[in-house]
Amino acid sequence: MNTHKTLLAALLVPLGATLAIVPAASAATPPAPSTASVSADAAVPAGPEEAAAAVFRSPEAALGRVAHPLRTTEPRGGLADLRPFGRMVGDARVVGLGEATHSSHEFFTVKHRILRYLVGEKGFRAFALEAPWSTGLRLDAYLLRGEGDLKQIMDEEFQGAYRWWNNAEYRDLLRWMRAYNVKHPKDPVHFVGDDGGFAGAELYDKVSAYAATARPELPPRLTELYRGLRPATDAETYVNDYLSKPMAERKELAERTGRAVDLLNKRRPGTGAGADAHAWAVQHATAIHQMTTLYAFDWDDPEGISDALLYRDRIMAENVTWWQQRTGDKIVLAAHNSHIALRTYAPATYPKVQGEFLRERLGGGYLSVGLTFDQGSFNAFGPDGGAHRFTVGPAAPGTAEHTLDRVRYRDFMVDLRNAPAPARAWLAMPRTVKNIGATYPGIADAPQIRLAQSHDVVIHLQRVEAAHMLK
């Protein structure tokens, strides 16, 4: 098995491809839709009274009573139709916005539209993405101060498995954030990268700069601990080269970066600016250690894969929580449905996900919003390893999307916590859902989940189209 390519593929693939790297014998075929699911979509009785009663009891009719239509999925124009969504958000401090594919136009533009609403009406001030912490810092500097060229930053940062973020839709979102910050320099919107797949050179520079000022005895020791780690090439080349190192060397590097964090933590300033600078330096050093630790797992071993996936989602939750608690910013968190979910979609292989960790840490301060679709297109890596555009037809009877698409609105949002009884019964049963990661097809493209246990809110779109890739 080509370990470093396996690791690269896994970085952005919540379920589909990461399960595909497990030996075939250990991968279970998704179960067929349950009888209850099929019967919920069956034709109503012929008699008028029975027919009326059946319609009232149908999950799609019940959901239709509490669903709210979306005027559009595009970010421009009025946002009044999102007021019901604002009520669903309530006092949440982190709102996880999912996606059923990693590269569909409407999933990105709906997030853009919701970000605009939450910034303007609910005081949200950060957008977090499953991208490296160092990528977040670089983009945040552009958004705050106009540092660098956006195209160059996106080209350099969104490489390898992160290439799906190098699209016109996210470019437009970032341009809007920059324009907002120009108008509101004292109350800006930030960008947060919460993932651990790469640690850019700026992290090493920030840690070194802090140590040189606050702890002059540390720079020589940090230089030794970080020897050979600071990137001097582009991100994709760096990660490929790093993952080609022997496992023993990767473990030794992770041990070294852990010691660097410990050194910084040995002397903590009390309060004020010194304490704040120390906290940021430790977080930057932690991000370096997260990358080396992630790549020190044995990805050739199914158990090692499971441990690595658990670690990755835990650190993504920790980074989001750290930013929220350190800055006080309310955060829109963008990730795949199976990352922002309240329960894992595949417990046997993916033990616990980011949304579960966030609910534990924030309680009702975290809201999980799953985005589903009936049919359409998306970009993904194909079996040949190349990027392709794929299209899927309407959802099959018995699946969650088939019922959702029969709700009376074309595109809508619905709070699952307030669903009427006929819908609650349906939401509590396992339903097959589309779950398309960075590769297609994948073993877990159609898992069965209980929607009511997986998400607080669902936004359903009838049709999506492939995102517009920039490179």
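Structural data are supplied above this passage.
Summarised in this report is the structure supplied together with it. (Residues numbered from 1 in each chain as written. Predicted model: local features only at pLDDT ≥ 70, side-chain atom pairs only at ≥ 80, totals over all residues. Heavy atoms only, no water.)

This brings us to the pattern of salt bridges. Counted by the stated rule, this structure contains 26 salt bridges. Linking Glu-318 and Arg-314 is a salt bridge whose minimum nitrogen-to-oxygen distance equals 2.7 Å. With Glu-318 and Arg-314 both in helix α16 (residues 302–327), this residue pair falls four residues apart, about one helical turn. Arg-314 gets classed as partly exposed once you look at its relative accessible area, which sits at 30%. Here Glu-360 ties to Lys-352 by a salt bridge, and the two come within 2.6 Å at their closest N and O atoms. Here the salt bridges share partners, and the residues they tie into one network are Glu-130, Asp-195 and Arg-312. (Salt bridge = Lys/Arg side-chain N within 4 Å of Asp/Glu carboxyl O. Helix = DSSP H or I, 4+ residues; strand = E, 2+ residues; numbered from the N terminus. Buried < 20%, exposed > 50% of the residue type's maximum accessible area, 1.4 Å probe, protein only.)

Right, let's talk about the packing of aromatic side chains for a bit. Throughout the structure, instances matching the rule amount to 20 aromatic pairs. Look at Tyr-204 and Tyr-226: their rings are 5.1 Å apart centre to centre, the planes differ by 85 degrees, and that puts the pair in the edge-to-face class. Note that Tyr-204 is positioned in helix α11 (residues 201–214) and Tyr-226 in the loop between α12 (219–225) and α13 (235–243), a separation of 22 residues in sequence. An aromatic cluster of at least three residues, connected via ring pairs, comprises Phe-108, Phe-127, Trp-165, Tyr-170 and Phe-191. In this structure, Arg-163 packs its charged tip against the face of Trp-164, placed 5.7 Å from the ring centre. (Phe/Tyr/Trp six-rings, centres within 6.5 Å; stacked < 30°, edge-to-face > 60°. Lys NZ or Arg CZ within 6 Å of the ring centre and 35° of its normal.)

Axis separation between helix α14 (residues 247–265) and helix α15 (residues 272–294) bottoms out at 8 Å; the angle between their running directions is 170 degrees. Regarding the angle of α14 to α15, the classification is roughly antiparallel. Between α14, through Arg-250, Leu-253, Ala-254, Thr-257, Gly-258, Val-261, Leu-264 and Asn-265, and α15, the contact on the second element is made entirely by His-278, Ala-281, Val-282, Ala-285, Thr-286, Ile-288, His-289, Thr-292 and Thr-293. (Axes fitted to C-alpha atoms, helices over the stretch in contact; angles between N-to-C directions. Parallel < 35°, antiparallel > 145°, perpendicular 65-115°, else oblique. Contact = heavy atoms within 4.5 Å.)

Time to look at the pairing of strand β2 (residues 94–97). Alternating residues of β2 divide into Val-94 and Gly-96 and Val-95 and Leu-97, and every residue in both groups is buried. In the sheet, β2 pairs with strand β5 (residues 330–334) via four bridges, with the strands oriented parallel. Bridged to Val-95 within β5 is Val-332. (Pairing = 2+ DSSP bridges.)

Let's shift gears to empty space enclosed by the protein. In this structure the tally under the stated criterion is two cavities of 30 Å³ or more. Each pocket or cavity is described by its volume, and for the second largest cavity that value is around 60 Å³. Taken together, 13 residues line the second largest cavity, and the ones lying closest to its centre are Asn-337, Tyr-345, Thr-372, Val-433 and Ile-449. Taken together, the residues of the lining of the second largest cavity sort by class into seven nonpolar, four polar and two charged. (1 Å grid on protein atoms, 1.4 Å probe; cavity = no way out; pocket = protein on both sides within 12 Å on 5 of 7 lines; lining within 4 Å. Points joined across faces, edges and corners; volume = space filled by probe spheres on them. Nonpolar A, V, L, I, M, F, W, Y, C, P; charged D, E, K, R; others polar.)

This next bit is on the environment of Glu-147. Looking at the secondary structure, you find Glu-147 in the loop between α8 (133–145) and α9 (150–157). With relative accessibility at 40%, the residue Glu-147 sits in the partly exposed group. Among the polar contacts listed, one links the side chain of Glu-147 to the side chain of Arg-145, at a separation of 2.6 Å. (Polar contact = N/O pair within 3.5 Å; in protein donor to acceptor, adjacent residues only side chain to side chain.)

Turning to the pairing of strand β6 (residues 366–381), a few remarks are in order. Among the 16 residues of β6, 16 are classified as buried, and the element is accordingly described as predominantly covered. With four bridges joining them, β2 and β6 adopt parallel strand pairing. Paired with Leu-97 across the bridge in β6 is Val-369. With seven bridges joining them, β6 and strand β11 (residues 457–464) adopt parallel strand pairing. Opposite Val-369, over in β11, you have Val-457 as the bridge partner. Pairing analysis gives six bridges linking β6 to strand β7 (residues 387–392), with the strands arranged antiparallel. Bridge pairing in β7 links Asn-379 to Arg-389. Between β6 and β7, which pair antiparallel and follow one another directly, the connecting turn spans five residues, one of which, Gly-385, has a positive phi of 90 degrees.

The peptide bond linking Tyr-440 to Pro-441 adopts the cis configuration, its omega dihedral lying at -5 degrees. One can find Pro-441 in the loop between β9 (431–432) and β10 (448–449).

For the rest of this paragraph, the subject is the environment of Leu-150. With respect to the helices and strands, the residue Leu-150 is situated in helix α9. The exposure class of Leu-150 is buried, given its relative accessible area of 8%. A sequence separation of 24 residues divides Leu-150 from Leu-174, and the C-alpha atoms of the two residues are 8.4 Å apart. When sequence neighbours within four positions are dropped, the list of residues in contact with Leu-150 reads Leu-139, Tyr-142, Arg-171, Leu-174 and Arg-175.

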